[in-house]
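As a plain string of letters, each chain reads:
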Amino acid sequence: MFPESLRYLQAAVCSAASHTYSCASAPIQYAAAKALIMREECDEYINHTRRIMGAVADYCYRELIAVGVRVVKSQGGYYIFPDFEVIRGGLAKKGIVTGNQFTGVLFEEASVALMSGGPAFLRPENEYTTRLCFVNFDGAAALEASIKMGLHSPITDNFLAEYCAPVLNGIEALKRWVRSYSNLD
């Protein structure tokens, strides 16, 4: 990529890149050091947030597969990547053939915003995969409630309804919308 006459520049770029990509920045290093000092508080935070997010992920998975949507169960993180192929026939009857058209109509008709898998996530444009983030809730309130009840008590659907209602409402709207297109097949 670099001509022979610019090898000195290539060496400088490689050196800078090495430091950029292989070393954590100073703010990250300071945060990590603080986290190590505050290990008990960090462990409590991580354990509670992990179980809250796990319960929300399980709810989304369970409810979407109940209406025929293919989903891989989340193993961590804050999103899933559902495939709405189950309603391709109903969507095609309305001329909806791409993922972007699908997510546009979904937003218009059900007020649910998802990001199309194609091309944004390198999926084919005609695929009905989406990225569904399940973080639209007051995490601070859910965390406080989880800490009050303790790690020994499970996160229930009632807990989710109280503290994660926007996500549950979105999933319910999505299920109704999927059913409406399933009936068009």
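Treat the numbers as computed from the prediction; the structure is a model and nothing was measured.

Engineer: I keep staring at the environment of L168 and nothing clicks. Help me out?
Structural biologist: Mapped onto the fold, L168 is located in helix α8 (residues 165-182). Take L168: its relative accessible area is 8%, and that puts it in the buried class. As for L168 and Q29, which are separated by 139 residues in sequence, their C-alpha atoms are 37 Å apart. Apart from residues no more than four positions distant in its own chain, L168 is found in contact with Y59, D157, L160 and A161.

Engineer: What's the story with the layout of surface pockets in this structure? I'm lost.
Structural biologist: Unoccupied space between atoms shows up once a probe the size of one water molecule is rolled over them. Taken as a whole, the largest pocket encloses approximately 250 Å³ of empty space. In terms of lining, the largest pocket is formed by 16 residues, of which the most central are V112, C133, N136, P166 and G170. For the lining of the largest pocket, the elements supplying multiple residues, two or more each, are β3 (130-133) and α8. For the lining of the largest pocket, the leading source of residues is α8, giving six residues. Its residues assigned to classes, the lining of the largest pocket comprises 13 nonpolar, three polar and no charged.

Engineer: Even after reading the chapter, I still don't get the nonpolar core, so can you show me in this structure?
Structural biologist: Proteins that are soluble and globular tend to have nonpolar side chains buried together. If you look at the biggest cluster of nonpolar residues, it comprises 40 residues, and the most contacted ones within it are F84, F134, L160 and W177. Mapped onto this core, the elements with two or more residues apiece are α3 (39-65), α5 (99-110), α6 (139-149), α7 (157-163) and α8. Those residues in contact with L160, other than ones at most four positions away along the chain, are A55, V56, Y59, I155, A165 and L168.

Engineer: How should I be thinking about the pattern of salt bridges in this particular structure?
Structural biologist: Opposite charge on two side chains permits pairing when their charged atoms draw close. Overall, the coordinates contain twelve salt bridges when judged by the stated rule. Between E4 and R7 there is a salt bridge; the shortest N-O distance is 3.5 Å. On the basis of relative accessible area, E4 is assigned to the exposed category, the value being 63%. Judged by relative accessible area, which is 37%, R7 ranks as partly exposed. Linking K94 and E109 is a salt bridge whose minimum nitrogen-to-oxygen distance equals 3.7 Å. Here K94 is found in the loop between α4 (88-92) and α5, whereas its partner E109 is found in helix α5, with 15 residues between them in sequence. Three or more residues joined by partner-sharing salt bridges are found here, namely R62, E63, D157, E172 and K175.

Engineer: Got a minute to help me understand the sheet that holds strand β1 (residues 79-80) in this structure?
Structural biologist: Strands pair in a sheet through their backbones, by hydrogen bonds, and they do so in one of two ways: parallel or antiparallel. Strand order in the open sheet made by the three strands is β1-β3-β2, with antiparallel pairing throughout. Both edges of this open sheet fall to β1 and β2 (115-116), since each of them pairs with a single strand only. Pairing between β2 and β3: two bridges, direction antiparallel. Within β3, the residue paired with M115 across the bridge is R131.

Analysis parameters
- Residues numbered from 1 in each chain as written.
- Predicted model: local features only at pLDDT ≥ 70, side-chain atom pairs only at ≥ 80, totals over all residues.
- Heavy atoms only, no water.
- Helix = DSSP H or I, 4+ residues; strand = E, 2+ residues; numbered from the N terminus.
- Buried < 20%, exposed > 50% of the residue type's maximum accessible area, 1.4 Å probe, protein only.
- Contact = heavy atoms within 4.5 Å.
- 1 Å grid on protein atoms, 1.4 Å probe; cavity = no way out; pocket = protein on both sides within 12 Å on 5 of 7 lines; lining within 4 Å.
- Points joined across faces, edges and corners; volume = space filled by probe spheres on them.
- Nonpolar A, V, L, I, M, F, W, Y, C, P; charged D, E, K, R; others polar.
- Core = buried A, V, L, I, M, F, W, Y, C linked by side-chain atoms within 4.5 Å.
- Salt bridge = Lys/Arg side-chain N within 4 Å of Asp/Glu carboxyl O.
- Pairing = 2+ DSSP bridges.

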